[in-house]
Amino acid sequence: MTETGIKSGTILVIEDEPAHAELLKIYLSESGRWLVHVATSIDEFNELVRSADPDIIVADINLPDGSSLSLLEENHNKPWIIMTSYADPETESEIINSGASGFFVKSPDTFRNISSIVEDYLQKWRTEH
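Residues numbered from 1 in each chain as written. Predicted model: local features only at pLDDT ≥ 70, side-chain atom pairs only at ≥ 80, totals over all residues. Heavy atoms only, no water.

Trainee: So, the packing of helix α1 (residues 18–29) against helix α5 (residues 114–128): which residues are in play, and what are the values?
Mentor: Axis separation between α1 and α5 bottoms out at 8 Å; the angle between their running directions is 70°. Taken together, α1 and α5 sit at an angle that is classed as roughly perpendicular. Contacts between α1 and α5 pair Leu24, Tyr27 and Leu28 from the former with Ile114, Ser115 and Val118 from the latter. Broken down by class, the residue content of the contact of α1 with α5 amounts to five nonpolar, one polar and no charged. (Axes fitted to C-alpha atoms, helices over the stretch in contact; angles between N-to-C directions. Helix = DSSP H or I, 4+ residues; strand = E, 2+ residues; numbered from the N terminus. Parallel < 35°, antiparallel > 145°, perpendicular 65-115°, else oblique. Contact = heavy atoms within 4.5 Å. Nonpolar A, V, L, I, M, F, W, Y, C, P; charged D, E, K, R; others polar.)

Listed below in structure tokens is the structure:
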């Protein structure tokens, strides 16, 4: 168990921008707490989600083959954190109403702090479920 009481686990990142995917994988892996899988599309997510059996999913909202929010209904038994490049009130409302556990705006700071962000949302989700 980690200092925050969260066991190591598996994260599935859905991100189509290669540089963002690589940064997320680096920052999440460096703590040694997480096994990180990356999908770059909804199709790749659908192929990977069963075998990876993630504890939490971190997904870019806009993907080449659709919105990651469309995946939440079928995969609601896991916590989801949605990433967006901008946060206008309409986008925030759409994310909140989708059933996601939370969201953040992509930035160098959020990428550097992604491990803590994931741990906080996962702990909150486990407490509520």
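Trainee: How would you summarise a negative patch on the surface if you had to cite specific residues and measurements?
Mentor: Together, Asp16, Glu17, Asp43, Glu44, Glu47 and Asp65 give the surface a local cluster of negative charge. If you trace the backbone, Asp43 turns up in helix α2 (residues 42–52). (Patch = residues over 30% accessible without salt bridge, like charges linked within 9 Å, V, L, I, M, F, W, Y side chains within 5 Å. Areas by Shrake-Rupley, 256 points an atom, 1.4 Å probe, with all protein chains shown as cover. Salt bridge = Lys/Arg side-chain N within 4 Å of Asp/Glu carboxyl O. Lys, Arg positive; Asp, Glu negative; His and termini not counted. Charge placed at Lys NZ, Arg CZ, Asp CG, Glu CD.)

Trainee: Can you tell me about α2, naming the residues and giving the values?
Mentor: Residues of α2 that are buried include every one of Ile42, Phe45, Val49 and Ala52, and no others. Along the long axis of α2, the arc covered by the buried residues comes to 90°, so they all point the same way. For α2, exposure combined with an orientation more than 90 degrees from the buried face picks out Asp43, Glu47, Arg50 and Ser51. Buried-residue contacts for α2 involve β1 (9–14), β2 (34–39), β3 (56–60), β4 (62–63), β5 (66–67) and β6 (80–84). With its phi angle positive at about 45°, Asp53 sits one or two positions after the end of α2. (Buried < 20%, exposed > 50% of the residue type's maximum accessible area, 1.4 Å probe, protein only. Arc of directions from axis to C-beta.)

Trainee: Account for the packing of aromatic side chains, with residues named and values stated.
Mentor: Following the criterion strictly, the structure yields one aromatic pair and no others. Between Phe45 and Trp80, the aromatic rings sit 5.6 Å apart at their centres with planes inclined by 55°, giving tilted as the arrangement. Note that Phe45 is positioned in helix α2 and Trp80 in strand β6, a separation of 35 residues in sequence. A single burial state applies to Phe45 and to Trp80, both of which are buried. (Phe/Tyr/Trp six-rings, centres within 6.5 Å; stacked < 30°, edge-to-face > 60°.)

Trainee: Tell me about the nonpolar core, residues and numbers included.
Mentor: Ile14, Phe45, Ile57, Trp80 and Ile82 are the most contacted members of the largest nonpolar core, which has 17 residues in total. Elements represented by at least two residues in this core include exactly β1, α2, β3 and β6. In terms of residue count, α2 provides more of this core than any other element does, three residues in total. Ignoring any residue separated from it by four or fewer positions in sequence, one finds Phe45 in contact with Leu12, Ile14, Ala39, Ile57, Leu71, Asn75 and Trp80. If you look at the next biggest cluster of nonpolar residues, it comprises 16 residues, including Val13, Ile114, Val118 and Leu122. (Core = buried A, V, L, I, M, F, W, Y, C linked by side-chain atoms within 4.5 Å.)

Trainee: Outline the confidence of the model for the protein chain, listing residues and values.
Mentor: Mean pLDDT over the protein chain works out to 90, with 95% of the residues at or above the 70 mark. The secondary-structure element of the protein chain with the lowest mean pLDDT is helix α3 (residues 89–98), recorded at 90, while β3 shows the highest, at 96. Taken together, the stretch residues 1–6 has pLDDT below 50 and engages in ten contacts with residues farther than four places along the chain or on a different chain. (pLDDT = per-residue confidence, 0-100.)

Trainee: Kindly report on the sheet that holds β6, identifying the contributing residues and their values.
Mentor: Reading across from one edge, β2-β1-β3-β6-β7 is the order of the five strands in this open sheet, with parallel pairing throughout. Where the open sheet ends on each side, the last strands, each with one partner, are β2 and β7 (102–105). Put simply, the sheet's adjacent strands are angled 20° from each other on average, direction ignored. Looking at chain direction, β1 and β3 are connected through four bridges and run parallel. Each residue of the ladder has a partner; that of Leu12, found in β3, is Ile57. Those strands touched by α2 are β1, β2, β3 and β6, and its axis lies near 155° from that of β2. (Pairing = 2+ DSSP bridges.)

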